[in-house]
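# Structural overview for review
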Amino acid sequence: MQTDLLILLIPLLPLIGFIINGLGFRKVPTGLVGVLATAGPLAAFACVLLLFTNFTAPIHTVLFDWITIGSFNIPFAFQIDQLSLIMLLIVTGVGSLIHIYSIGYMKHDDGYGKFMAFLNLFLFFMLLLVMGSNYVIMFIGWEGVGLCSYLLIGFWNKNTNYNNAARKAFVMNRIGDLGFLLGIFMIMGAFGSVEYREVFEQAAGFPISDPTVVAITMLLFVGAMGKSAQIPLYTWLPDAMAGPTPVSALIHAATMVTAGIYMVVRSNVLYTLSPLTLEIIGAIAIATALLAASIGLVQNDIKKVLAYSTVSQLGYMFLGLSVMGYTSGMFHVMTHAFFKALLFLGAGSVIHAMADEQDIRKMGGLRKYLPVTYWTFLIATIAISGIPPFAGFFSKDEILMHVYEHNKVLWALGVLGSAMTSFYMFRLLFLTFFGRFRGTEHTREHLHESPATMTIPLLVLAVLSVIGGFFNVPEVLGGDAKLAQFLNPIFELSHQVNPKAFGETLLTHSQEYMLMGISSGVAILSLVAAYVLYVQRVSLPEADTVDRPVLEKVLYNKYYIDELYDTIIVKPVRGLSDAFYSFGEFIIDGVVSGTAWAVQQTSGQLRKLQTGSIGFYVFAMVVSIAAILWLRFFVKF
């Protein structure tokens, strides 16, 4: 099969699934909906595997010339290189598993066909974002995943709260997207192109800290703050839990929130030229990681805990990028995709068994009823906590090692965040699966393990969460960092513009062992603390109505940031819009009503001329003719 055709099929196959199920979701048989929706992503994954196994050099495929204005040209083209291949494997691989899972989870929903169509469309736009050879095609995919998130978060649109959550995600992402779009316009002005190769080759000739490059990278990062949920544009992501659980898994693991990380890694030469932007990214990243982790300590909604954990983990990814650890950031994207998809799908299995209950205070003891879900959820919890030898240990430790070389304070804060991650994740595990069952007797009677369409993806992701870290084993542990070697050509220009930043590590093996020991030890201590508190002492979260200590109350209410935004942004804007609406309504109503009154009054007087007398009509005609003659001959204009 020709390589160009293979590349074209990757986004086209999910799009075909969307078209069939989208146009015929009321007519396609239920048993066929899942097959059609899943076939596209699976076939796309097979195409990616073929490309990956036969990959020797980057491929640039021009489908057609799209926009041409004078000498400025934007082709509709795809670029397949080391970075896009890794992302394609994650998107199509994990995305396919989520599609399979959705067959069991959503099969009895009235909008099953529409839901599967939206999932296909989501995958199509993410593939477009990853495969595009320029920033404009990336922007199309960027906007597309934003649209699909809106459609899927508000999928159960009869619930007003879910619609509000979808609208919130849409609006907050548009704020970030404005910055991203302005950054693209600046790239056009500065480089005369939006093609990655042309932009990056020209950028390599710019001096470090060039004001234009700093401005471009800052604007692009504003877009990343929206898509990848960083302070201050992060509050939409926890609310996005309103959508069906497979949507949460797709957004958090395989698509939307990784777009910001991908964009920064793709633009690595620009960010390497802008140390100021990287410092700002580092500060925002660690603040986001700690803020989200601290909120996760006291949340009681199983999906909200995982949502705040995603915000925190995205902070770690950006933290790695801020110290030019681009490979470590991408490595954590990959491992996070495995264990975060597993956590969300495991949570979905719990919610499925609990008749849509999401409050962990009403769970407990579920490991007896859901053995597959329990064991896979345990594996994912160990992985995200950074306990060796599971996937999260390798990727998170690599990030912390890079950070330690650049800034010891940031490293210490990163370790603190890692401790909180381990604690809130094991708190979630113990409250959900250990102890006595705290739900109703009716719910207990209906507890059951999920069907094979849901448990098989859990098992596959559990295996990947165990072995995923071995794709990039560092030299100190006897590995050869295969992922780093594979991605190295992507960072060649960054090496040229700032060779000192990419030199050999100055850490000795004993220091690296020490750093690994500290991060692992902190995670294990947090595990033990959670076990003592929630298993041995059987401490349970209090009801919402109970008065809490000040610190816990602040954390439980998420630092009142939503309330702050509501007070300083939402209410003033809404008040201003209401005022404009009332003002406009007054003017428009006045004009319309006044015109109607004038017509009514005028017609009321003019109708009196209609007397029915022929003599009066002849008299009026004579007077009119006289007036016309007088105006014609005696009045000069």
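A few points on the structure. (Residues numbered from 1 in each chain as written. Predicted model: local features only at pLDDT ≥ 70, side-chain atom pairs only at ≥ 80, totals over all residues. Heavy atoms only, no water.)

### Digging into the overall build of the chain
Helices and strands together make up the secondary structure of the chain, namely 26 helices and 2 strands. Viewed in the frame of its principal axes, the chain has a C-alpha envelope of about 115 × 70 × 55 Å. Put simply, the chain has 637 residues, and 53% of those count as buried. Taken as a whole, the chain presents about 27200 Å² of accessible surface, with 66% of it coming from carbon and sulfur. Averaging the locations of the 36 positively and 38 negatively charged side chains of the chain gives two centres separated by 11 Å. (Helix = DSSP H or I, 4+ residues; strand = E, 2+ residues; numbered from the N terminus. Buried < 20%, exposed > 50% of the residue type's maximum accessible area, 1.4 Å probe, protein only. Areas by Shrake-Rupley, 256 points an atom, 1.4 Å probe, with all protein chains shown as cover. Lys, Arg positive; Asp, Glu negative; His and termini not counted. Charge placed at Lys NZ, Arg CZ, Asp CG, Glu CD.)

### So, the packing of aromatic side chains
Applying the stated criterion across every chain yields a total of 30 aromatic pairs. Ring geometry for tyrosine 326 versus phenylalanine 491: centroids 5.6 Å apart, planes at 25°, classification stacked. A residue pair is termed long-range when its members are at least 10 positions apart, and tyrosine 326 in helix H15 (residues 326–353) and phenylalanine 491 in the loop between helix H21 (482–487) and helix H22 (492–497) qualify at 165 residues. This pair shows no difference in class: tyrosine 326 is buried, exactly as phenylalanine 491 is. Both rings, one in phenylalanine 377 and one in phenylalanine 433, keep their centres 5.4 Å apart while their planes meet at 50°; by these two values the pair is tilted. Here phenylalanine 377 is found in helix H16 (residues 371–385), whereas its partner phenylalanine 433 is found in helix H18 (residues 408–433), with 56 residues between them in sequence. Each member of the pair phenylalanine 377 and phenylalanine 433 is classed as buried. In this structure, lysine 408 packs its charged tip against the face of tyrosine 404, placed 4.7 Å from the ring centre. In this arrangement the basic side chain of arginine 548 is found over the ring face of tyrosine 556, its NZ or CZ atom lying 3.9 Å from the centre. (Phe/Tyr/Trp six-rings, centres within 6.5 Å; stacked < 30°, edge-to-face > 60°. Lys NZ or Arg CZ within 6 Å of the ring centre and 35° of its normal.)

### Observations regarding the environment of aspartate 562
Tracing the sequence through the fold places aspartate 562 in helix H25 (residues 561–606). Sequence separation between aspartate 562 and threonine 235 is 327 residues; the distance between their C-alpha atoms is 7.2 Å. Side-chain polar atoms of aspartate 562 contact the side chain of lysine 168, separated by 2.7 Å. (Polar contact = N/O pair within 3.5 Å; in protein donor to acceptor, adjacent residues only side chain to side chain.)

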